Number of protein chains: 2
Amino acid sequence: MSAPLSDASLDQLFRHARTFNAWQDKEVTDEQLGELYDLVKMGPTSANSSPMRLVFIKSKDAKARLKPFLSENNAEKTMAAPVTAIVATDFAFYDHLPRLFPHADARSWFLGNEPLIQATAMRNSSLQGAYLIMAARALGLDCGPMSGYDQAGLDAEFFAGSQVKSNFLVNIGYGDPDKNLFGRLPRLAFDEAAQIL
Amino acid sequence: MSAPLSDASLDQLFRHARTFNAWQDKEVTDEQLGELYDLVKMGPTSANSSPMRLVFIKSKDAKARLKPFLSENNAEKTMAAPVTAIVATDFAFYDHLPRLFPHADARSWFLGNEPLIQATAMRNSSLQGAYLIMAARALGLDCGPMSGYDQAGLDAEFFAGSQVKSNFLVNIGYGDPDKNLFGRLPRLAFDEAAQIL
């Protein structure tokens, strides 16, 4: 049994965290990306299926490969971000299950069941993408998640010949709160989105 | 710019957190569920679309309505959990966009575009489901997420006549580490799941 985190930590993770559109000129190191992955990988997925794959775009060359597929309003801020994570999904995730879930023949639950593969892959890759956002914030980094891009084009550039497809993108770095930060948008009230039965 | 959270907090959120299968006999109050929602709702979604809907199953009557749709291995632990959250998705989420995203006519981006509605709803409902798990842990609660249940049956019981469909379930409470806690399963190494370009 754990105590709640401090209010400052809850603010950092949820209440004061923002989607940033501009970035300070400050590197995110490869070591930080390793620490980030080591947190993200621990988040729960169905049968430990862990279908998310990540491509961290950092170099000039990699940014040039990414740029043509970004929507107009996402291009400039993404080129300026220290790192852009392509959050992707491996639709052949079940081939790892003999190692990741040794309790049962979990691979056989999926093999040939295309609707279950699709639903499990999309749901759990998205869960892991959210763990990525929360883990980055927990490490003192800021995020700018986006789904506005040419998915087919990006997938052909980065994932040709594989069963991996992109899910969404997340700019990662140290946000600049003085540039292009939108006003906080309203949220649905408890009674609009939730009920207790 | 924020500092990283303490190691103890990172452990609580990611490294030491576990999927629990047994629960201490300790209530989760309605006030705690309100605090939980107030964190979860702040997590980012595409165009602030916020498609997740939550039904917190707490009462004996509600548990009896849920039970027939649980898979055999999920039934007993779920009946013993203080709360089970049905994480659901409102596929008519775009009707709230004039209020949630007033910058643009975002409702018109979705109206009649069924593939975009489906992808946005599933991706963002799943992101919000992960925020729920992380927020519960941040508040000192434990989780047991599950996707093994009769979705069509549960949806007919709880969401008939609406555009809401369930996504997955999360038992919430204070875990009992001495009962039915599985050994920690392996995770994919950085190089198996990620690359830096």
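Provided above is the structure to which this section pertains.
What comes next concerns the included structure. It should be emphasised that the depicted structure is a prediction, and the values quoted were computed from it without experimental measurement. (Residues numbered from 1 in each chain as written. Chains lettered and ligands numbered in written order. Predicted model: local features only at pLDDT ≥ 70, side-chain atom pairs only at ≥ 80, totals over all residues. Heavy atoms only, no water.)

Turning our attention to the packing of aromatic side chains. A complete count under the given rule lists 12 aromatic pairs over all chains for this structure. Taking the centre distance of 5.8 Å and the plane angle of 65° together, the rings of Phe101(B) and Trp109(B) count as edge-to-face. Judged by its relative accessible area of 16%, Phe101(B) is buried. For Trp109(B), a relative accessible area of 43% corresponds to the partly exposed category. Three or more aromatic residues joined by ring pairs make a cluster, and in this case those are Tyr37(A), Phe56(A) and Phe190(B). (Phe/Tyr/Trp six-rings, centres within 6.5 Å; stacked < 30°, edge-to-face > 60°. Buried < 20%, exposed > 50% of the residue type's maximum accessible area, 1.4 Å probe, protein only.)

This paragraph deals with helix 8 (residues 151-159) of chain B. Residues and elements named next belong to chain B. Buried within helix 8 we find Gly153, Leu154, Asp155, Phe158 and Phe159. Tucked inside the fold, the buried residues of helix 8 contact strand 1 (52-57), helix 3 (60-66), strand 2 (83-90) and strand 4 (164-173). Where helix 8 starts, the residue carrying a side-chain oxygen 3.3 Å from the main-chain nitrogen of Ala152 turns out to be Asp150. At the exit of helix 8 stands Gly161, carrying a positive phi of roughly 75°. (Helix = DSSP H or I, 4+ residues; strand = E, 2+ residues; numbered from the N terminus. Contact = heavy atoms within 4.5 Å. Polar contact = N/O pair within 3.5 Å; in protein donor to acceptor, adjacent residues only side chain to side chain.)

It is worth spelling out the relation of the copies chain A and chain B at this point. Related by rotation about an axis and a shift along that axis, the two copies of the chain form a pair. Between chain A and chain B, the superposition needs a rotation of 180° and an axial shift of 0.0 Å, giving an RMSD of 0.0 Å. Taken together, the rotation and translation relating the two chain copies correspond to the operation of a two-fold axis. (Least-squares fit on C-alpha atoms with pLDDT ≥ 70 in both.)

Structural measurements only, silent on function.
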